[in-house]
Amino acid sequence: MKSRFLLPHTFKPLGWVLFLIGLVLGVFLLINNFDYFDWEVKVFPLLGDSGLFSSNPSLTWSTNNIADEIASILLIIGGVLVAFSRTKDEDEYISKIRMESLIWATYVNYFVLLLAVLLVFDFSFFTVLVINMFTVLFFFIFRFHYVLYKSKQVIRDE
């Protein structure tokens, strides 16, 4: 079966490299309260902080530490390359696993978000929302590759 929306398999190794670098950088920044690296650059924010004494207004050049943006970009691009690159032997069964894994990841992601809405408050909730931007990709990649691994184990054992 030929899927129109999947990327070539050659993108998957690059995706793993970007994804793992972004994951390590993101976890490192999260542990250190996003204050570790001093990668200040001039940015042009579409939306900035509002208020009289804002240090980052909208639509005007200002400086910002872009370490968290770099980690996010690496995670998103790497995760999409890993998740949506074809396998070497893409067929109908793998397409079925891919679809079921995506549905499963979406359910689990929103269940975790629902729990967070009910049980996490204040600034900790913002941290959960930031992490939640990436969890659909995490859950999908984990489940898809786990199910592929288990199905190959069954085939190998037969």
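Quick summary incoming for the structure in this document. (Residues numbered from 1 in each chain as written. Predicted model: local features only at pLDDT ≥ 70, side-chain atom pairs only at ≥ 80, totals over all residues. Heavy atoms only, no water.)

1. A closer look at the overall build of the protein chain
Stated precisely, the cut-off is as follows: Secondary structure elements are taken from DSSP: a helix is a run of H or I of four residues or more, a strand is a run of E of two residues or more, and numbering for both begins at the N terminus. Based on C-alpha atoms, the radius of gyration is set beside the globule rule, defined as 2.2 Å times the residue count to the power 0.38. Type-normalised accessible area, obtained with a 1.4 Å probe on protein chains alone, sets the label of each residue: buried when under 20%, exposed when over 50%, and partly exposed for intermediate values. Residue burial considers only the protein chains on display, and all accessible areas are found by Shrake-Rupley using a 1.4 Å probe. Working convention for charge: Lys and Arg count positive, Asp and Glu count negative, and His plus the chain ends are omitted. Positions of charges follow a simple convention, taking NZ of Lys, CZ of Arg, CG of Asp or CD of Glu.
Helix and strand content of the protein chain: 4 helices and 2 strands. Reading the protein chain from its N end, one meets helices and strands in the order α-β-β-α-α-α. On C-alpha atoms alone, the protein chain measures out to a radius of gyration of 19 Å, which is more than a quarter above the 15 Å that the 2.2 N^0.38 rule sets for 158 residues. If one aligns the C-alpha atoms of the protein chain with their principal axes, the spans along those axes are about 70 × 35 × 30 Å. Counting every position in the protein chain, which comprises 158 residues, the buried fraction comes to 28%. Total accessible area on the protein chain stands at roughly 11,000 Å², and carbon and sulfur atoms take up 70% of it. Separation of charge centres in the protein chain, based on 12 positive and 14 negative side chains, amounts to 13 Å.

2. Quick notes on the nonpolar core
Cut-off, in case you're wondering: Take the buried Ala, Val, Leu, Ile, Met, Phe, Trp, Tyr and Cys residues and link them wherever side-chain atoms come within 4.5 Å; each set so joined is a nonpolar core. Only heavy atoms matter for contacts: two residues are in contact if any of them lie within 4.5 Å across the pair.
Counting 13 residues, the largest nonpolar core has Ala83, Phe140, Ile141, Phe144 and Leu148 as its most contacted members. Counting residues per element, the ones that place at least two in this core are helix H2 (67-83), helix H3 (92-119) and helix H4 (122-157). A total of 6 residues in this core trace back to one element, the largest contributor, which is H4. What alanine 83 contacts, discounting residues up to four positions off in sequence, is Arg98, Leu137, Phe140 and Ile141.

3. Observations regarding the packing of aromatic side chains
Our working definition: We call Phe, Tyr and Trp rings a pair once their centres come within 6.5 Å, taking the six-membered ring for Trp, and we label the pair stacked below 30 degrees between planes, edge-to-face above 60, and tilted otherwise.
Under the definition given, this model contains 8 aromatic pairs. Ring centres of tryptophan 104 and phenylalanine 139 lie 6.5 Å apart, and the angle between their planes is 80°; this geometry places the pair in the edge-to-face category. Residue tryptophan 104 is located in helix H3, and its partner phenylalanine 139 is located in helix H4; the two are separated by 35 residues in the primary sequence. For tryptophan 104, a relative accessible area of 33% translates into the label partly exposed. Take phenylalanine 139: its relative accessible area is 23%, and that puts it in the partly exposed class. Put simply, the rings of Trp16, Phe19 and Phe138 pair up and form one aromatic cluster.

4. Considerations on the packing of H3 against H4
Going by this rule: Each axis is a line fitted through C-alpha atoms, and for a helix only the stretch in contact is used; angles between axes span 0 to 180 degrees, taken between their N-to-C directions. The cut-offs work like this: below 35 degrees is roughly parallel, past 145 is roughly antiparallel, 65 to 115 is roughly perpendicular, and the gaps in between are oblique. Here a crossing is taken to be left-handed if its near helix is turned anticlockwise relative to the far helix by less than a right angle, and right-handed if that turn runs clockwise. Under this grouping Gly is polar, as are all residues other than the nonpolar Ala, Val, Leu, Ile, Met, Phe, Trp, Tyr, Cys and Pro and the charged Asp, Glu, Lys and Arg.
Relative orientation of the contacting elements H3 and H4 amounts to 150°, with a least axis distance of 8 Å. Considering the angle they form, H3 stands roughly antiparallel to H4. Here H3 runs over H4; the crossing is right-handed. Among the residues forming the contact of H3 with H4, the class breakdown is 20 nonpolar, 5 polar and 3 charged.

5. Description of H3
Definition in use: Under the convention used throughout, the expected extent of a helix is 1.5 Å for every residue step, that is, one less than its residue count. Polar contact is defined as a pair of N or O atoms within 3.5 Å, subject to the rule that within protein one atom must be able to donate a hydrogen and the other to accept it, and that residues adjacent in sequence are counted only when both atoms are side-chain atoms.
The terminal C-alpha atoms of H3, which comprises 28 residues, lie 40 Å apart, in line with the 40 Å expected from a rise of 1.5 Å per residue. For H3, the full list of buried residues reads Ile94, Ser95, Ile97, Arg98, Ser101, Ala105, Asn109, Leu113 and Ala116. In this structure, the buried residues of H3 make contact with H2 and H4. At the N-terminal end of H3, a side-chain oxygen is found 3.3 Å from the backbone nitrogen of tyrosine 93, two or three residues along, and the residue is aspartate 91.

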